Amino acid sequence: MAKLALYLLPKYLRFDKSQPFITITALLAFFGVGIGVMVLCVAMAIMNGMTKEFERKLFVMNYPISVYAMSKKGIDQQLLQILKTHFPQFIFSPYLRCNALSRAGNDINAAIMIGVDIESEVALNEVVRKAFENHDGSLDSHKISSFKSQDFSILIGKELSSRYFVESKDLLSFYFTQFEPSALGLFPKSKKFEIFEVFDSGLKAYNEAYIYTNLNALQKIRNLNAGIYDGIHIYTKEPFKDIDLIKAFLRENTNAEVGVEGWWQQNGNFFSAMELEKRALFIVLMLIILMASLNIISSLLMVVMTRRREIALMLSMGVSKKEIKQSFFTLGIVIGGSGIVLGVVLNFIAQFFLSTFPIISLPADVYGTNTLPLDLGLLDFILVILGASFIVCLSSYYPAYKATHVDALSVLRNE
């Protein structure tokens, strides 16, 4: 069986001057499958790269796991200490949140002020950490101590700094939703904070809205006792697994009215839409390979039609129909399979050029990056190869099946 296929392959793949369209159709199938595989691989790499880039950026705004209070009592220091004792491998950072309005001159902007324990926060928040790093990347302990010693000092984003034309050591006024009595009635609390440092998260909306300060500052503004928090941010390397451990521990060992949420749950709709778009793109681009495979069918059918006499002779000489089917099926697999190999090679070349040279430039304020992120996962690569191989096999089977139904007696009598 294998010997017959090896004998017929070079014979049927050779360019035939009398039937040039057979070779042209085979070449179209070869290049079509190759380009289809390349486009599909690159598209999957871009989708994966964009998804991971958005995940990385969302990590800035959403911590891996958050424990939040579900009552006005908040979360106390005792619960925080229990969690630290039971999960020493995690990093914990308690926080307070407060909505406010920032003001500079006649310009006002909505703000989300977050009170944090700065020593804990720099251990799990990359954005805050960078604000306290030296030029060599090491943490400046003096700056951390200085920030902690000044209750009403803040970290603001680059966009807010540019909008208000303020920088370190300047004062910035804030108005809070809490009210305080005055001679004319109740008025929102106001307080001036000293800008300690300016951070850059890479996200314009984040830089404009988020402001970090000390826990003590928000405790005083909200009239809270020390050791009372709105929630606890938790860093863990495996949040998908560890969130169940935290939920189980809190349910079995405490009576605290708290909820536990992962960063992916806070953005579930967004990532569901990304995954749906990726699947739709996979199906649509797979149609390119399907269209190219039609050339395999037409090419093999033309070979069968032009080689009817040879097929009849082989059948009359004792070659089985199974061997004939195997030979033409192998011919289709060689055309399509070599196209898949070409597509894989073109895919790596395309990804190299896209990642090395600035062929496509993205607006950083929209996508969070100015280069095209590429990340072709092993599973996606395998699915592309398996899908393309299935289509090629399916396209090769029908012409091979038709080759076995050549009426040898009729063909030899008439041709």
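Counting from 1, residues in each chain are numbered in the order their sequence is written. Whole-chain, interface and lining totals are the exception, using all residues; otherwise, since this is a predicted model, local features are given only for residues with pLDDT of at least 70 and side-chain atom pairs are given and counted only at 80 or more. Excluded from the side-chain calculation are hydrogens and water; included are all heavy atoms of the structure.

Draft legend 1. Just the overall build of the chain, in detail. When helices and strands are counted, the chain shows 17 helices and eleven strands. Expressed as a percentage of the 415 residues in the chain, the buried residues total 44%. A fraction of 78% describes how many contacts in the chain between residues 6 or more apart in sequence connect residues 24 or more apart. Taken as a whole, the chain presents about 22,100 Å² of accessible surface, with 60% of it coming from carbon and sulfur. The helix count covers DSSP runs of H or I at least four residues long, the strand count covers runs of E at least two residues long, and both are numbered beginning at the N terminus. Residue exposure (1.4 Å probe, protein chains only): buried if accessible area is under 20% of the type maximum, exposed if over 50%, otherwise partly exposed. In this analysis, two residues are considered to be in contact whenever any of their non-hydrogen atoms come within 4.5 Å of each other. We get accessible surface area from the Shrake-Rupley algorithm with a probe of 1.4 Å; when it comes to residues, only the shown protein chains can shield them.

Draft legend 2. Looking closely at the pairing of strand β3 (residues 91-104). For two strands to be treated as a pair, DSSP must find at least two bridges joining them. Pairing geometry for β3 and strand β10 (residues 231-235), over five bridges, is antiparallel. For Phe92, the partnering residue across the bridge sits in β10 and is Ile234. In this structure, β3 lies alongside strand β4 (residues 107-116), joined through ten bridges in antiparallel fashion. When the bridges of β4 are listed, Ala100 appears paired with Ala111.

Draft legend 3. Layout of the nonpolar core. Only buried Ala, Val, Leu, Ile, Met, Phe, Trp, Tyr and Cys residues count toward a nonpolar core, and they belong to the same one when joined by side-chain atoms within 4.5 Å. In terms of nonpolar packing, the biggest core is built from 40 residues, with Val67, Ile154, Phe174, Phe176, Ile246 and Leu250 touching the most fellow members. Those residues in contact with Ile246 that sit more than four places away from it in its chain are Ile65, Val67, Phe87, Phe90, Ile234 and Val260. Counting residues in hydrophobic clusters, the runner-up holds 32 residues, among them Cys41, Met314, Leu376 and Val392.

Draft legend 4. Structural context of the pattern of salt bridges. Any Lys or Arg side-chain nitrogen found within 4 Å of a carboxyl oxygen on Asp or Glu counts as a salt bridge. Taken as a whole, this structure holds ten salt bridges when the rule is applied. Of the charged contacts in the structure, one is a salt bridge between Lys148 and Glu119, with a shortest N-O distance of 3.3 Å. Residue Lys148 is found in helix α6 (residues 141-149), and its partner Glu119 is found in helix α4 (residues 118-124); the two are separated by 29 residues along the sequence. When its relative accessible area of 37% is taken as the criterion, Lys148 is described as partly exposed. Of the residues examined, Glu119 reaches a relative accessible area of 45% and is grouped as partly exposed. The salt bridge partner of Asp230 is Arg222, with a shortest N-O separation of 2.6 Å. Since its relative accessible area comes to 21%, Asp230 is described here as partly exposed.

Draft legend 5. Quick look at the packing of aromatic side chains. Each Phe, Tyr or Trp ring (for Trp, its six-membered ring) is paired with any other whose centre lies within 6.5 Å, and the angle between the two planes then decides the class: stacked below 30 degrees, edge-to-face above 60, tilted in between. In the structure shown here, the tally under the stated rule is 16 aromatic pairs. Look at Phe152 and Phe193: their rings are 5.4 Å apart centre to centre, the planes differ by 70°, and that puts the pair in the edge-to-face class. With Phe152 in the loop between α6 and β5 (153-157) and Phe193 in strand β7 (residues 185-199), this residue pair connects regions lying 41 residues apart in the sequence. Using a relative accessible area of 0% as the deciding quantity, one classes Phe193 as buried. For the ring pair Phe352 and Phe353, a centre distance of 5.7 Å and an interplane angle of 80° mean the geometry is edge-to-face. According to the relative accessible area criterion, Phe353 is partly exposed, its value standing at 38%. Among the aromatic residues, those joined into a ring-pair cluster are Phe87, Phe90, Phe92 and Phe249. One cation-aromatic arrangement involves Lys191 over Phe152; the distance from NZ or CZ to the ring centre is 4.3 Å. As a reminder, the over-ring test applies to NZ of lysine and CZ of arginine, requiring each to be within 6 Å of the ring centre and within 35 degrees of the ring normal.

Draft legend 6. Broad picture of the environment of Val39. Residue placement: Val39 occurs in helix α2 (residues 20-61). Judged by relative accessible area, Val39 falls into the partly exposed class, the value being 28%. Here the alpha-carbon distance between Val39 and Val344, two residues 305 residues apart in the chain, equals 9.8 Å. Apart from the residues lying within four places of it in its own chain, the contact partners of Val39 are Leu285 and Ile288.

Draft legend 7. Focus on the packing of helix α14 (residues 321-356) against helix α16 (residues 378-403). Between α14 and α16, whose axes approach to 8 Å, the crossing angle comes to 150°. One element, α14, and the other, α16, form an angle in the roughly antiparallel class. The hand of the α14/α16 crossing is right-handed. From α14, Ile324, Lys325, Phe328, Phe329, Gly332, Ile333, Gly336, Gly337, Ile340 and Val344 reach across to α16, where they touch Phe381, Ile385, Ala388, Ser389, Val392, Cys393, Ser396, Tyr397, Ala400, Tyr401 and Ala403. For this classification, the nonpolar set comprises Ala, Val, Leu, Ile, Met, Phe, Trp, Tyr, Cys and Pro, the charged set comprises Asp, Glu, Lys and Arg, and every other residue, Gly included, is treated as polar. Tallied by class, the residues present in the contact of α14 with α16 amount to 15 nonpolar, five polar and one charged. The angle between two axes is taken between their N-to-C directions and runs from 0 to 180 degrees, where each axis is a line fitted to C-alpha atoms and a helix contributes only its stretch in contact. For classification purposes, an angle smaller than 35 degrees is called roughly parallel, one larger than 145 roughly antiparallel, one from 65 to 115 roughly perpendicular, and anything else oblique. By definition, turning the near helix anticlockwise from the far helix through less than a right angle yields a left-handed crossing, and turning it clockwise yields a right-handed one.

Draft legend 8. Molecular detail of unusual backbone geometry. Of note in the backbone geometry, Phe165 takes a positive phi value of approximately 60° without being a glycine. Checked against the element boundaries, Phe165 lands in the loop between α7 (158-164) and β6 (171-182). For Phe165, a relative accessible area of 75% puts it in the exposed group. For Asn223, which is not glycine, the phi dihedral falls at a positive 55°. Of note, Asn223 is situated in the loop between α9 (215-221) and β9 (228-229).

Draft legend 9. Examining the side chain of Ser396 more closely. Structurally, Ser396 is set in helix α16. For Ser396, a relative accessible area of 0% puts it in the buried group. Polar contacts here mean pairs of N or O atoms no more than 3.5 Å apart (in protein, one a potential hydrogen donor and the other a potential acceptor; neighbouring residues in sequence count only if both atoms are side-chain atoms). Within the structure, Ser396 has its side chain in polar contact with the backbone oxygen of Val392 (distance 2.8 Å). If we ignore the near neighbours within four places in the chain, the residues touching Ser396 are Ile296, Leu300, Phe329, Gly332 and Ile333.

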